[in-house]
Amino acid sequence: GDKVKQSPSALSLQEGTNSALRCNFSIAATTVQWFLQNPRGSLINLFYLVPGTKENGRLKSAFDSKESYSTLHIRDAQLEDSGTYFCAAEGRANTNKVVFGTGTRLQVLP
Amino acid sequence: EAAVTQSPRNKVAVTGGKVTLSCNQTNNHNNMYWYRQDTGHGLRLIHYSYGAGSTEKGDIPDGYKASRPSQENFSLILELATPSQTSVYFCASGDWDYAEQFFGPGTRLTVL
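Just so we're clear, the structure is a prediction, and the values are computed from it rather than from any experiment.

Each value, and the rule that gives it
Residues numbered from 1 in each chain as written. Chains lettered and ligands numbered in written order. Predicted model: local features only at pLDDT ≥ 70, side-chain atom pairs only at ≥ 80, totals over all residues. Heavy atoms only, no water. Contact = heavy atoms within 4.5 Å. Salt bridge = Lys/Arg side-chain N within 4 Å of Asp/Glu carboxyl O. Polar contact = N/O pair within 3.5 Å; in protein donor to acceptor, adjacent residues only side chain to side chain. Helix = DSSP H or I, 4+ residues; strand = E, 2+ residues; numbered from the N terminus. Nonpolar A, V, L, I, M, F, W, Y, C, P; charged D, E, K, R; others polar. Phe/Tyr/Trp six-rings, centres within 6.5 Å; stacked < 30°, edge-to-face > 60°. Buried < 20%, exposed > 50% of the residue type's maximum accessible area, 1.4 Å probe, protein only. Lys NZ or Arg CZ within 6 Å of the ring centre and 35° of its normal.

(A) Molecular detail of the interface of chain A and chain B. In this assembly, 17 residues from chain A lie in contact with 22 residues from chain B. Joining chain A to chain B, the criterion identifies zero salt bridges. Viewed at the interface, chain B and chain A are joined by three residue pairs in polar contact (both at pLDDT 80 or more). Contributions of two or more residues to the side of chain A that touches chain B are made by strand S4 (31–37), strand S5 (43–49), strand S9 (83–90) and strand S10 (98–100) of chain A. Broken down by element, the side of chain A that touches chain B gets its largest block of residues, four residues, from S4 of chain A. The residue makeup of the side of chain A that touches chain B, split by class, is six nonpolar, nine polar and two charged.

(B) How the structure looks around the packing of aromatic side chains. Under the defined criterion, the tally for this structure stands at 12 aromatic pairs over all chains. Look at Phe35 of chain A and Phe103 of chain B: their rings are 5.3 Å apart centre to centre, the planes differ by 90 degrees, and that puts the pair in the edge-to-face class. Of the two residues, Phe35 of chain A sits in strand S4 while Phe103 of chain B sits in strand S10 (residues 102–103), which places them in two different chains. Taken as a pair, Phe35 of chain A and Phe103 of chain B share a single burial class, namely buried. Aromatic side chains Phe86 of chain A and Phe100 of chain A sit 6.4 Å apart centroid to centroid with 75 degrees between the ring planes, which places their arrangement in the edge-to-face category. Taken together, the residues span a long stretch of sequence, with Phe86 of chain A in strand S9 and Phe100 of chain A in strand S10 at a distance of 14 residues. This pair shows no difference in class: Phe86 of chain A is buried, exactly as Phe100 of chain A is. An aromatic cluster of at least three residues, connected via ring pairs, comprises Phe35, Phe86 and Phe100 of chain A together with Tyr33, Tyr35, Tyr48, Tyr50, Phe90 and Phe103 of chain B. Over the aromatic face of Tyr69 of chain A sits the side chain of Arg22 of chain A, whose NZ or CZ is 4.0 Å from the ring centroid.

Note that every value here comes from positions in space, so none of it alone points to a role or purpose.
Following this line, the structure appears as structure tokens:
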């Protein structure tokens, strides 16, 4: 089965609203990374996390290794937040390899 | 300024032909990675490297070879390209002791 499951698979938001994306892991993840793939296809680094939380502007991410999940919260969504969000988890083998989820496609509507 | 670059950005190849995708990074990172991205699969790891001269098989290495001649350069080689290898290929680099990765802009490969 999928080692990294993302939910929801797709989401539409009105501009100015809030949302949360989630990754569940069936591997013993030690670190998590979140990316935004913009409509041009570029992968933009958002967060790199050990267990704990990080915040950057309107984005906040949390990683709970014991419960095997990570979340990405988007506050006051803007049109430029549209794209596909990926999480990627590193397993406990610590080989610096990661496993990607299949993404959450986000559309922010005016 | 771009730290990870890929060439070519677009490539059309014929079945059975040889294709080489190139990646260059100026991050001075030890680790480099090649992924492919297909609809419904996210990114999947093909080959990776821990430094010049080293290559390791990822999760889907069949039909691909890799070459890491220097710290900066990492190539992905398709000796006999097949239509199933039509995809978008991403290269990434990462520091030696961290899983955090930084991606290039991608190469769109079409095999006819």
